[in-house]
Amino acid sequence: GDQYLRVFSTVSQHILPEKFAVATAAEVDKAVAKAVAAFPLYKDVSPSSRAAFLETIAEEIMSLGDELIQRAMQETGLPEARLLGERGRTTGQLKLFAEVLKEGSWVEAVIDTALPDRKPLPRADIRKMNVPIGPVVVFGASNFPFAFSTAGGDTASALAAGNPVIVKAHESHLGTNELMASAINVAAKKCNLPDGVFSFVIGEGPVTGMQLVKHPGVKAIGFTGSYAAGTAIFKAANNERQSPIPVYAEMSSINPVLLLTEKLSRDGDAVAAALAGSVTLGVGQFCTNPGLLFLIESDAAENFISKLSSLLAAVPAGTMLNEAVCRN
């Protein structure tokens, strides 16, 4: 197609120069078709070979070196130390799933042998185990550009289980996505895996995302993000397809906190300090930040409100992930 997206850097306050082509409807269909074609081959790849694939992805991510960290810093405004830690978490997740694959109990195999002579009725031989289900679409989070995005936990678990993955790239870190995707594709080639075992598409969520969610070739969704987007995906996956598919969604929460009078009378200042730190952690962009405080009217509550207000006012301004988060 001839449509492009570009990324606004919250650090430089400028749109970054790189252009990223938006996938046409035909290109989205092609990505799913390739994943569907890869599935019968990939699901039969041995667990040890899939484990080697995950370990190779981790190696390829590390070999991107500082370029990956610098690009993510530009696109997300997250500090270097945080991103270095998150990269370690991401490669750790991949290696963890590799270990689980090698160990094998994840298939949860159950064998009930036949009892032909059982009275009053014989019992058939019944065998059960977890099997791959088909192409999985992964929607990444803006606030974790590595660990919950292109090569994050949803992608790692789906690939470990023998499912091809199509990532819907997050619009706010397209350059980071491209680097991570290149690491996965290099690993797939090194491990001689079928074309289509991994791909990504770029586009506006409501259009490109929904085309993927409703595509009959897609068999499951992994989603991390806002409540509104997650709910829309869940509804579409259940109500707007001939055969509904599972949606594994981690959605935002307002995390209510109840503050009781006796506690505030005793430790009001300490609670205010702890809450101020929690509210502003990661510039308030973690899904665990408290968003709603309940207090019972009292002098202790008034003192607490005043203390919390002054602590929040003293926190220096921070760079946010993207314009939409800042606006909201």
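Right above here is the structure, for reference.
Here is a short report on the structure shown in this document. The shown structure was predicted, so the numbers you read here are calculated from the model rather than taken from an experiment.

About the cut-offs
- Residue positions are given per chain, counting from 1 as you read along its sequence in written order.
- With pLDDT at 70 or above as the cut-off, local features in this predicted model cover only qualifying residues; side-chain atom pairs require 80 or more to be listed or tallied, and sums for whole chains, interfaces and linings still use all residues.
- Processing note: side-chain calculations cover all non-hydrogen atoms of the structure and skip hydrogens and water entirely.
- Helical segments are the DSSP runs of H or I of at least four residues, strand segments are the runs of E of at least two, and each set is numbered from the N terminus.
- Using a 1.4 Å probe on the protein chains alone, a residue whose accessible area is under 20% of its type maximum counts as buried, one over 50% counts as exposed, and one in between counts as partly exposed.
- Contact criterion: two residues are considered in contact whenever any of their non-hydrogen atoms come within 4.5 Å of each other.
- Note on definitions: angles span 0 to 180 degrees between N-to-C directions of axes, and those axes are lines fitted to C-alpha atoms, for helices only across the stretch in contact.
- Working definition: roughly parallel below 35 degrees, roughly antiparallel above 145 degrees, roughly perpendicular at 65 to 115 degrees, and oblique for all remaining angles.
- By definition, turning the near helix anticlockwise from the far helix through less than a right angle yields a left-handed crossing, and turning it clockwise yields a right-handed one.
- The residue classification treats Ala, Val, Leu, Ile, Met, Phe, Trp, Tyr, Cys and Pro as nonpolar and Asp, Glu, Lys and Arg as charged. All others, Gly included, are polar.
- One fewer than the residue count of a helix, multiplied by 1.5 Å, yields its expected span.
- Here the bend at a residue is taken as the angle between two axes, fitted respectively to the seven residues that end there and the seven that start there.
- Nonpolar cores are built from buried Ala, Val, Leu, Ile, Met, Phe, Trp, Tyr and Cys residues. Side-chain atoms within 4.5 Å join them into one set.
- A 3.5 Å cut-off defines polar contacts: any pair of N or O atoms within that distance qualifies, except that in protein one atom must be a possible hydrogen donor and the other a possible acceptor, and neighbouring residues in sequence count only when both atoms are side-chain atoms.

1. Details of the environment of A72
Part 1 of the reasoning: Secondary-structure assignment places A72 in helix α3 (residues 66-76).
Part 2 of the reasoning: On the accessibility criterion, A72 (0% relative accessible area) is buried.
Part 3 of the reasoning: Once the C-alpha coordinates of A72 and V213 are considered, the two residues, 141 residues apart in sequence, prove to be 27 Å apart.
Part 4 of the reasoning: Not counting the four nearest positions on each side in its chain, A72 is found in contact with G77, L83, F146 and T176.

2. Section: the environment of V100
Part 1 of the reasoning: As for its position among the elements, V100 is in helix α4 (residues 80-103).
Part 2 of the reasoning: On the accessibility criterion, V100 (33% relative accessible area) is partly exposed.
Part 3 of the reasoning: Residues V100 and S278, 178 residues apart in the sequence, show an inter-C-alpha distance of 33 Å.

3. Observations concerning the packing of helix α2 (residues 47-63) against α4
Part 1 of the reasoning: α4 packs onto α2 with a crossing angle of 170 degrees between their chain directions and a minimal axis gap of 8 Å. By the angle class used here, α2 and α4 are roughly antiparallel. The handedness of the crossing between α2 and α4 comes out as left-handed. In contact with P47, R50, A51, L54, E55, I57, A58, I61 and M62 of α2, α4 contributes R87, T91, L94, K95, F97, A98, E99, L101 and K102.
Part 2 of the reasoning: Partitioning the contact of α2 with α4 into residue classes produces eleven nonpolar, one polar and six charged.

4. What about helix α9 (residues 261-280)?
Part 1 of the reasoning: Between its first and last C-alpha, α9 extends only 24 Å over 20 residues, short of the 28 Å set by a 1.5 Å rise per residue.
Part 2 of the reasoning: Helix geometry: α9 is bent most strongly at D267, by close to 95 degrees.
Part 3 of the reasoning: Looking at α9, one finds that the buried residues are L264, G268, V271, A272, L275 and A276.
Part 4 of the reasoning: On the buried face of α9, the contacting elements are β12 (256-259), β13 (292-295) and α10 (299-313).
Part 5 of the reasoning: Backbone geometry just after α9 places G282 at a positive phi near 60 degrees.

5. A few points about the nonpolar core
Part 1 of the reasoning: Counting residues in hydrophobic clusters, the biggest one holds 39 residues, and the most contacted among them are F53, L54, I57, I61, L159 and V197.
Part 2 of the reasoning: Here this core takes seven residues from helix α6 (residues 174-190), the largest share from any one element.
Part 3 of the reasoning: Here V197 is in contact with A38, Y42, F53, L159, P164, V165 and A188, once residues within four sequence places are set aside.
Part 4 of the reasoning: Judged by nonpolar contacts, the second largest core, of 20 residues, contains V137, V218, A236 and V247.

6. Considerations on the packing of α3 against α4
Part 1 of the reasoning: At their nearest, the axes of α3 and α4 sit 10 Å apart, and the two run at 125 degrees to each other. Taken together, the axis directions place α3 and α4 in an arrangement best described as oblique. Handedness of the α3/α4 crossing: right-handed. Of α4, the residues touching α3 (which contributes D66, L68, I69, Q70, A72, M73 and T76) are E80, L83, L84 and R87.
Part 2 of the reasoning: The class makeup of the residues in the contact of α3 with α4 is six nonpolar, two polar and three charged.

7. A short note on the side chain of T76
Part 1 of the reasoning: If you trace the backbone, T76 turns up in helix α3.
Part 2 of the reasoning: For T76, the side chain forms a polar contact with the main-chain oxygen of A72, separated by 2.6 Å.
Part 3 of the reasoning: Within the local environment of T76, its side chain forms a polar contact with the backbone nitrogen of L78, the two atoms lying 3.1 Å apart.
Part 4 of the reasoning: Among all residues touching T76, those that are not within four sequence positions of it are T10, L83, P145, H173, M320 and L321.

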